[in-house]
Amino acid sequence: MIKKPFACWLILVIVSLFVLLNQSQSMRVNSDIRAMLPGSLADPLGLAAREQLASKLEGLNFIAVGHSNKTQAIEASLKLAEYLEQTKAFDKVMLQRLDQGQNIARGLFPYRFVRLSQQQQDTLEKANYSAIIATAISQLWSPASVVSSSSLIEDPLFLFTQQLDGFAGLAQSSVDERGFLSAHSNNTYWVLLELRVSANVFSPAQQQQLIQAINTSQHLLASEQDDLAFLKAGLLFHADAATKQAKHEMSTIGVASILLISLLILFFFRSVKPLVLAIASLLGGLLFALAAVSVFFEQLHLLTLVFGASLIGIAIDYAFHFCAEHAGSRVSAAETLRKIAPALSLSALSSVVAYLSMLFVPMQGVKQMAVFCASGLFGAAVSLYLLAPILAATIPQARWSERWLTLRLNKWSLALLGLFVLGGLVQLNSEDDIRQLRGDFPTIDYQQQQLLELFQNGQANQFYLVRGDSPEQILKREQALLGELNNAVKQNWLGSAWGLSHIIPTIEQQQANHILVGQLYQNLASVFEDIGFDQELAEPAYNKFLASKGRILTPDSFLAAPENQVFSDFWVTSQQHQASVVSLLNIHNLEALQQIAQQLEGVQFVDPVAEISTVLSTLRSQASALLVGVLVIIGIILAARLGFIMALRCLSTPVLAVLVALSVVGWLGQGLSLFHVLALLLVFGVGLDYALFYQLSVKPSYRLLMATTLAATSTILAFGLLALSATPALAGFGVIVLSGIACSYLLAPQLVVNKLQEGE
């Protein structure tokens, strides 16, 4: 017959499993570090521009195929493109770029009379028609020129050909006549493939599919052709590396913690019962935590699981306190639970409050961690109360000497600790950098840098956003900006800049250009005679020009053409507002570029990385205030429950532990970040646990010392492993908790009312 408490625990587990399975169909696992951050503080138009750029960068990935022989490099790239297309994993595999350029040119041809290059404008404004004629003759007799009577009627002076030459200068100069984007370096020829994907590259399932397609294609190619080299770049490869790292750390931290804690339990308690109780309570807490997260969030972030794996080190404390108190005891398990209930209840409450306080941080990832940990601790505590009388009714005498007393600190050691804290706090500084949320992937970073250097296409994350009341005003302001940026390029502040006004002049300029061409075409018959064209073609050519009157190129009409979607990232629309984006390549002087924006009306310099750093700084300040708020709230609760003096004694341990942890960060020179402050909330909660158990114990015994020692050891082991994480934010979190818990363990007995005594 199943006992009532066990039935209640089964209900908790079954309901959690049901909720989890029901929500799992719509819940996604995500490794995108941006999902852990708050939304942009920008206005809707600015937010649309940022999301547009982010979407573009997510969907673009590159593979360069290298070989010492250019022909073989091209052949290998063709085969690789074929294999990749066969996998159907990518939306588009782009290798040869001839069709794209031809389609764009075909769409621009009707606007040849209004889209004059700067050189053409200068020449026509000076009425230097002889120069126009000379250029046309040169083009006519060019070996690559193919001229027919129809082409002479459409564009007799080759104005459009010259415009395309100027436009090509803005594109990559390494595209050869066959449309291959190639480069040569260190006796190796490289050919670039562009892989476009609309799938979420931060989804582990999508990553696996895309990476598998690439690996399979590469292996097939390598089996057919030797001596090939590959370079890869793109967010897909960074996201895949981050996912693998997170999974590795999650399994390492979680499994290692369980193994080490299991060994501790088996060695000291000499029974499998405490281990079964600990695992069952942790299982209940974990399932409850996952179910809670699935209800409140649409996606589960891998960093939450990595962080949650270290929860084992805290949740296991409940089992340690019960088993240490009950080992070898002649009273019932229920009696033991009643004995430790006051301290255990206050301990669990304080930890849950500390975690839930993180919900006030306006950061989705932090809120998810808070829900996961608070509900996990609650589930673990409830599981312990329900299962302890059943799974651990009797426990053998623990392998722990009753003479094993705690370390007592004298005034000199406390003075040294004070100097250590003071020295660390003096060195403390802040650091708010989004790169703390990602690991270090030197191989991927090296390959990406190599590609940037080879193909000179280092598009920066920063860009200019140009606003205006109308498309015409936006283009005018963009032209003014690009003029300033041309000077910036000359001063080596910037590699290059590009905006839609390189293709689309203002309406005012287009109308002026049409007048300039009209003045030239009025003398078309004599121009034809000078060039040697059939003068009978002059009239139909002039009629073609007259028919173009009123034909204006606008951003909306240009981007409406399917072949021009490649430029859609340079124009942003949100509700009734529009703006243009000026892309920057190879930034060398960030401060100078920011100052340019301040000098021009309607121009904003957008630096998403710096913006996120500013947001993280604000959140760090808010979390610090939150820590003080938690201290005050818990202080009021304890004072009402225990009295002012006892509350002050209980709070002394976690407060001192927080100061010691902060000083450790200062001595290590890490720089205080949001994640350090969040870790301080946990240090405060756990430190308060230890203080409560000592202060509420009528006669502190070796059993209490055993429980706190095992609890602190398990937590230190769990968070010690977290401190070894390759993700700086998690490593910093681990350092804080590691030092803070160790300090809490040492300080908790120092302020107890009654000195630690031997015996029960």
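See the structure shown above.
Residues numbered from 1 in each chain as written. Predicted model: local features only at pLDDT ≥ 70, side-chain atom pairs only at ≥ 80, totals over all residues. Heavy atoms only, no water.

A. Focus on the environment of leucine 263. Relative to the helices and strands, leucine 263 is located in helix α10 (residues 235–269). Residue classification places leucine 263 among the exposed positions, given a relative accessible area of 57%. Sequence separation between leucine 263 and leucine 275 is twelve residues; the distance between their C-alpha atoms is 9.1 Å. (Helix = DSSP H or I, 4+ residues; strand = E, 2+ residues; numbered from the N terminus. Buried < 20%, exposed > 50% of the residue type's maximum accessible area, 1.4 Å probe, protein only.)

B. A look at the packing of aromatic side chains. A complete count under the given rule lists 13 aromatic pairs for this structure. Summarising the aromatic geometry, the rings of tryptophan 498 and phenylalanine 570 are spaced 4.8 Å apart at their centres and angled 65° between planes, so their arrangement reads as edge-to-face. Placement of tryptophan 498 in strand β9 (residues 494–498) and of phenylalanine 570 in the loop between α22 (555–560) and β10 (571–574) is noted, with a sequence separation of 72 residues between them. Phenylalanine 570 matches tryptophan 498 in its accessibility class, with the two residues each being buried. Grouping aromatic residues by their ring pairs yields a cluster made of Phe113, Tyr521, Tyr542 and Phe545. The cationic tip of arginine 399 hangs over the ring face of phenylalanine 267; the distance from NZ or CZ to the ring centre is 4.7 Å. (Phe/Tyr/Trp six-rings, centres within 6.5 Å; stacked < 30°, edge-to-face > 60°. Lys NZ or Arg CZ within 6 Å of the ring centre and 35° of its normal.)

C. Layout of the side chain of arginine 112. Summarising the element assignment, arginine 112 is placed in the loop between α4 (98–108) and α5 (118–125). One polar contact links the side chain of arginine 112 to the main-chain carbonyl oxygen of phenylalanine 109, over a distance of 2.9 Å. Not counting residues up to four positions away in its chain, the partners in contact with arginine 112 are Glu154, Asp155, Phe160 and Gln163. (Polar contact = N/O pair within 3.5 Å; in protein donor to acceptor, adjacent residues only side chain to side chain. Contact = heavy atoms within 4.5 Å.)

D. Seen up close, the pairing of strand β5 (residues 188–196). Most of β5 sits out of view: seven of its nine residues are buried. In terms of strand pairing, strand β2 (residues 60–67) meets β5 through eight bridges, oriented antiparallel. Within β5, the position partnered with phenylalanine 62 by the bridge is glutamate 194. Of the strand pairs in this sheet, strand β3 (residues 92–94) and β5 are connected by three bridges, and their pairing is antiparallel. From the neighbouring strand, methionine 94 faces β5, where its bridge partner is glutamate 194. (Pairing = 2+ DSSP bridges.)

E. How the structure looks around helix α18 (residues 471–490). Counted at 1.5 Å a residue, the expected span for α18 with its 20 residues is 28 Å, and the 29 Å between its end C-alpha atoms agrees. For α18, the complete set of buried residues consists of Glu472, Ile474, Leu475, Arg477, Glu478, Leu481, Leu482, Leu485 and Ala488. Just beyond α18, the residue with positive phi is asparagine 492, at close to 65°. (Expected span 1.5 Å × (residues − 1).)

F. A look at the pairing of β10. Taken together, the four bridges between β10 and strand β11 (residues 577–587) define a ladder with antiparallel strand orientation. Counted as the bridge partner of tryptophan 571 is serine 580 from β11. Between β10 and β11, which pair antiparallel in sequence order, lie two residues; one of them, glutamine 575, sits at a positive phi of approximately 60°.

G. Fine view of helix α20 (residues 524–531). Among the residues making up α20, those that are buried are Leu524, Val527, Phe528 and Ile531. For α20, the buried positions fall inside an angular range of 100° around the axis, keeping them on one side. In α20, the exposed residues that point more than 90 degrees away from the buried face are Glu529 and Asp530. Immediately beyond the C-terminal end of α20, within one or two residues, lies glycine 532, with a positive phi of roughly 105°. (Arc of directions from axis to C-beta.)

H. Up close: the packing of helix α16 (residues 411–427) against helix α25 (residues 644–668). Taken N-terminus to C-terminus, the directions of α16 and α25 make an angle of 55°; their axes are 7 Å apart at the nearest point. What the angle tells us is that α16 and α25 run oblique. When you trace α16 past α25, the crossing you get is left-handed. Each of Leu417, Phe420, Val421, Gly423, Gly424, Leu425 and Gln427 in α16 lies in contact with α25, whose residues at this interface are Leu659, Val660, Leu662, Ser663, Val664, Gly666 and Trp667. Here the residues of the contact of α16 with α25 sort into nine nonpolar, five polar and no charged. (Axes fitted to C-alpha atoms, helices over the stretch in contact; angles between N-to-C directions. Parallel < 35°, antiparallel > 145°, perpendicular 65-115°, else oblique. Left-handed = near helix turned anticlockwise from the far one by under 90°. Nonpolar A, V, L, I, M, F, W, Y, C, P; charged D, E, K, R; others polar.)

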